[in-house]
Amino acid sequence: NAGVMQNPRHLVRRRGQEARLRCSPMKGHSHVYWYRQLPEEGLKFMVYLQKENIIDESGMPKERFSAEFPKEGPSILRIQQVVRGDSAAYFCASSPPELKETQYFGPGTRLLVL
Amino acid sequence: LAKTTQPISMDSYEGQEVNITCSHNNIATNDYITWYQQFPSQGPRFIIQGYKTKVTNEVASLFIPADRKSSTLSLPRVSLSDTAVYYCLAYNAGNMLTFGGGTRLMVKP
């Protein structure tokens, strides 16, 4: 049973470009969470999604950031017009519906904005 | 909105017991408390989870008092490889998921 998959593992973008981060949850998990971690800092919750629904996006910046979890395919975190401050590790986690607190994390995508 | 708080860092020596306490004074009534371990450049890894009283597994113990406003992760006889950042996770009464800020544990020889 494969764990949570994230790709790419590393992503380099120039200021103003778009970044797309993908997350495939564990088999049987219908809940996905995205977190951002700045260097030497803790995990910051961004968004919580179920299939085709955004449940909680209270941690998402109001502009440039969006997330989706379509019926088919991975969850996507999209950052438009990236700035240097977006450089961070972005982690995805998934959980079964009945145990929201039991989250399994992927290896993360490290975004570097030049 | 109540926060989940934990000490920023702790130092210990090999073979000692380490206890890390997390405060979550507005925790939701029916939700679990979960602890994670994170090594540099890796995603957090599930360690232990509990609802109340005491839970023990092969890695750690988790102590949760009756009011559930805090929890203590106990690592018996730590080794150098336990050097990592430890996070607690809980839902607050507003059903918002909150990670603690993480406790950076340094185990020294």
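Residues numbered from 1 in each chain as written. Chains lettered and ligands numbered in written order. Predicted model: local features only at pLDDT ≥ 70, side-chain atom pairs only at ≥ 80, totals over all residues. Heavy atoms only, no water.

Engineer: Where do I start with the overall build of chain A in this structure?
Structural biologist: A count of helical and extended segments in chain A gives zero helices and eleven strands. Going from the N terminus to the C terminus, chain A shows its helices and strands as β-β-β-β-β-β-β-β-β-β-β. In terms of overall dimensions, chain A is globule-like: its C-alpha atoms have a radius of gyration of 13 Å, near the 13 Å expected for 114 residues. Overall size of chain A, expressed as C-alpha extent along the three principal axes, is 40 × 25 × 25 Å. A buried classification covers 46% of the 114 residues belonging to chain A. Taking the intrachain contacts of chain A between residues at least 6 apart in sequence as the baseline, contacts between residues at least 24 apart amount to 53%. Here chain A displays about 5800 Å² of accessible surface, and carbon together with sulfur accounts for 48% of that area. Here chain A contributes 17 positive and 12 negative side-chain charges, whose respective centroids are spaced 7 Å apart. (Helix = DSSP H or I, 4+ residues; strand = E, 2+ residues; numbered from the N terminus. Rg over C-alpha atoms; globule rule 2.2 N^0.38 Å. Buried < 20%, exposed > 50% of the residue type's maximum accessible area, 1.4 Å probe, protein only. Contact = heavy atoms within 4.5 Å. Areas by Shrake-Rupley, 256 points an atom, 1.4 Å probe, with all protein chains shown as cover. Lys, Arg positive; Asp, Glu negative; His and termini not counted. Charge placed at Lys NZ, Arg CZ, Asp CG, Glu CD.)

Engineer: What is the right way to look at the interface of chain A and chain B in this model?
Structural biologist: When the parts come together, some accessible area is lost, and that loss is often what is quoted as the size of the interface. Contacts between the two partners involve 21 residues from chain A, matched on the other side by 20 residues from chain B. Interface area for chain A against chain B, summed over the two sides, is near 1600 Å², with a carbon-plus-sulfur share of 52%. If you look at where chain A meets chain B, you find one salt bridge. Glutamate 40 of chain A is paired through a salt bridge with arginine 104 of chain B; the nearest N and O atoms lie 3.7 Å apart. (Buried area = accessible area lost by both parts, 1.4 Å probe. Salt bridge = Lys/Arg side-chain N within 4 Å of Asp/Glu carboxyl O.)

Engineer: Would you take a moment to explain the pairing of strand E10 (residues 103-108) of chain B for this structure?
Structural biologist: Along a regular strand, successive side chains alternate from one face of the sheet to the other. All names here are of chain B. Here E10 shows a clear split, with Thr103, Leu105 and Val107 buried on one side and none of Arg104, Met106 and Lys108 buried on the other. Pairing between strand E1 (residues 9-13) and E10: five bridges, direction parallel. Each bridged residue has a counterpart across the sheet, and for aspartate 11 the counterpart in E10 is methionine 106. Relative to E10, strand E8 (residues 84-91) is paired through three bridges, and the arrangement is antiparallel. Along E10, the bridge assignment pairs valine 85 with arginine 104. (Pairing = 2+ DSSP bridges.)

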